[in-house]
Amino acid sequence: MIKKGFKVTVLTGKDKKKEGEIIEIDRLVNIALPRIKDFRGLSPKGFDKFGNYTFGIKEQIIFPEVSFERADKVRGLDIIIVIRAEKKEHSFALLEKMNFPFIKKGDN
């Protein structure tokens, strides 16, 4: 159960040789995603039948800790959020409560 004030993090795996990094969901949603040029929101179609949510990011430089000057090339990444829920709708509601910016119906 997630309670108000808890930090929720994501462990990322870069590749087989390097360890992953921890990304705080709050920083992803409120700092990194808004830095995407022409960002209109995340697709609500990224849920699988188990309620897990997947989306991609084209440029890792949206994260403030990644220096544009030091990046040897622009890389993308896939983010998979594994959620234990009985229904996709429960996962969607959880991520909405965590301020995930989903595209609303009719907003294209």
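Starting from 1, residues in each chain are numbered consecutively following that chain's sequence as written. Totals for whole chains, interfaces and linings use all residues, but because this is a predicted model, local features are given only for residues with pLDDT of at least 70 and pairs of side-chain atoms are given and counted only at 80 or more. Calculated side-chain values reflect all of the structure's heavy atoms, with hydrogen atoms and water omitted.

## Here's the deal with the overall build of the chain
- Segments assigned H or I by DSSP are reported as helices when at least four residues long, segments assigned E as strands when at least two residues long, and all are numbered from the N terminus. Along the backbone of the chain there are 2 helices and 4 strands.
- Counting helices and strands in the order they occur from the N terminus, the chain gives β-β-α-β-β-α.
- Taking all 108 residues of the chain together, the buried fraction comes to 27%.
- Partitioning the intrachain contacts of the chain with sequence separation of at least 6 by distance along the chain shows that 51% fall at a separation of at least 24.
- We get accessible surface area from the Shrake-Rupley algorithm with a probe of 1.4 Å; when it comes to residues, only the shown protein chains can shield them. As displayed, the chain offers around 8800 Å² of accessible surface, 51% of which is attributable to carbon and sulfur atoms. In this scheme, a residue with accessible area under 20% of its type's maximum is buried, one over 50% is exposed, and one in between is partly exposed, where area comes from a 1.4 Å probe on protein chains only. In what follows, a contact means two residues having at least one pair of non-hydrogen atoms within 4.5 Å.

## Overview of the side chain of Ser-91
- Tracing the backbone shows Ser-91 in helix H2 (residues 88-97).
- On the basis of relative accessibility, which here comes to 0%, the residue Ser-91 falls in the buried class.
- Every residue in contact with Ser-91, bar those within four places of it in the chain, is listed here: Phe-47, Gly-51, Ile-83 and Ala-85.

## Points about unusual backbone geometry
- Despite not being glycine, Asp-38 shows a phi value in the positive range, around 55°.
- Among the secondary structure elements, Asp-38 is positioned in the loop between helix H1 (25-32) and strand S3 (53-57).
- Judged by its relative accessible area of 61%, Asp-38 is exposed.
- With a phi angle near 70°, Asn-99 is a residue other than glycine that sits in the positive phi range.

## Description of the nonpolar core
- We call a set of buried residues a nonpolar core when its members are Ala, Val, Leu, Ile, Met, Phe, Trp, Tyr or Cys and they connect through side-chain atoms within 4.5 Å of each other. By size, the foremost hydrophobic cluster in this structure holds 19 residues, and its most contacted members are Leu-28, Tyr-53, Phe-55, Ile-57, Ile-81, Leu-95 and Phe-100.
- Counting only elements with at least two residues in this core, the list comes to H1, S3 and strand S4 (77-81).
- Setting aside anything within four residues of it in sequence, one finds Ile-81 in contact with Ile-25, Asn-52, Tyr-53, Phe-55 and Phe-100.

## So, the pairing of S3
- Burial along S3 is one-sided: Tyr-53, Phe-55 and Ile-57 are buried, while Thr-54 and Gly-56, pointing the other way, are not.
- Pairing between two strands requires that DSSP report at least two bridges joining them. Note that S3 and S4 share 5 bridges and pair antiparallel. The residue bridging Ile-57 from the neighbouring strand is Leu-77, located in S4.

## Looking at the side chain of Gln-60
- Considering the arrangement of structural elements, one finds Gln-60 in the loop between S3 and S4.
- The term polar contact refers here to a pair of N or O atoms within 3.5 Å; inside protein, the definition further demands a hydrogen-donor-capable atom paired with an acceptor-capable atom, and it admits residues adjacent in sequence only when both atoms are side-chain atoms. Polar side-chain contacts of Gln-60 include one of 3.3 Å to the backbone oxygen of Lys-73.
- The contacts of Gln-60, once residues within four sequence positions are left out, are Val-66, Ala-71, Lys-73, Val-74, Arg-75 and Leu-77.

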